[in-house]
Amino acid sequence: MTVPLVIVDGANVVGSVPDGWWRDRPAAAARLRDALAAVLTEGLPDLPGPVEVTLVLEGRAKDVPQAGNGVRIERAAGSGDDAIFDLVRGVAATRRTIVVTADRGLRQRVLAVGAEVRGPSSVPRR
């Protein structure tokens, strides 16, 4: 059985906590990357682990390096939403796929191609 794929909208999840992330977007993205490592084994509140986690980064945050902690970084060439949609479209038909975002437009797009959606509070953010 294939483990579920959790795709995290990095910009949206980082932006959901007003902790000064805008002063250093790469550092905020790195903190999220590190916090997401726990999701690999623990899963989400309604989805037990193990799961695979892909963190989609865009803009100034996209150069955050892989950490070797199991969280895969996907660097969006343009829009992070478009990169997430492309990922979902490529796997949702054959694999349980969960997108973590609060973006309404993205939610609608990924639901239409078979993904599930959870809000930013479903993952550790620091």
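Computed from a prediction, not measured in an experiment: that's the story for all the values here.

Before going further, it helps to examine helix α4 (residues 104–112). Two to three positions downstream of the cap, the backbone nitrogen of Gly105 sits 3.0 Å from a side-chain oxygen, assigning the N-cap of α4 to Asp103. Gly114 lies just past α4 and shows a positive phi near 105°.

In this section: the pattern of salt bridges. Going through the model one piece at a time under the given rule, you end up with 8 salt bridges. The network of salt bridges with shared partners includes Asp46, Arg96, Glu116 and Arg118.

Summed over the entire model, instances satisfying the criterion amount to 1 aromatic pair. Taking the centre distance of 5.6 Å and the plane angle of 80° together, the rings of Trp21 and Trp22 count as edge-to-face. The class for Trp22 is partly exposed, based on a relative accessible area of 41%. The lysine or arginine in question, Arg109, covers the ring of Phe85, its NZ or CZ lying 4.6 Å from the ring centre.

What follows concerns the nonpolar core. Core analysis: the biggest nonpolar cluster contains 25 residues, and Val6, Val8, Leu36, Val53 and Leu55 have the highest contact counts within it. Secondary-structure elements contributing two or more residues to this core are β1 (5–9), α1 (10–14), α2 (25–42), β4 (52–57) and β6 (97–100). Looking at this core, the element that brings in the most residues is α2, giving 7 residues. The next biggest cluster of nonpolar side chains, apart from the first, holds 14 residues, and it includes Ala76, Ile84, Ala115 and Val117.

Thresholds, definitions, all that
- Residues numbered from 1 in each chain as written.
- Predicted model: local features only at pLDDT ≥ 70, side-chain atom pairs only at ≥ 80, totals over all residues.
- Heavy atoms only, no water.
- Polar contact = N/O pair within 3.5 Å; in protein donor to acceptor, adjacent residues only side chain to side chain.
- Helix = DSSP H or I, 4+ residues; strand = E, 2+ residues; numbered from the N terminus.
- Salt bridge = Lys/Arg side-chain N within 4 Å of Asp/Glu carboxyl O.
- Phe/Tyr/Trp six-rings, centres within 6.5 Å; stacked < 30°, edge-to-face > 60°.
- Buried < 20%, exposed > 50% of the residue type's maximum accessible area, 1.4 Å probe, protein only.
- Lys NZ or Arg CZ within 6 Å of the ring centre and 35° of its normal.
- Core = buried A, V, L, I, M, F, W, Y, C linked by side-chain atoms within 4.5 Å.

Geometric values such as these leave the question of function open.
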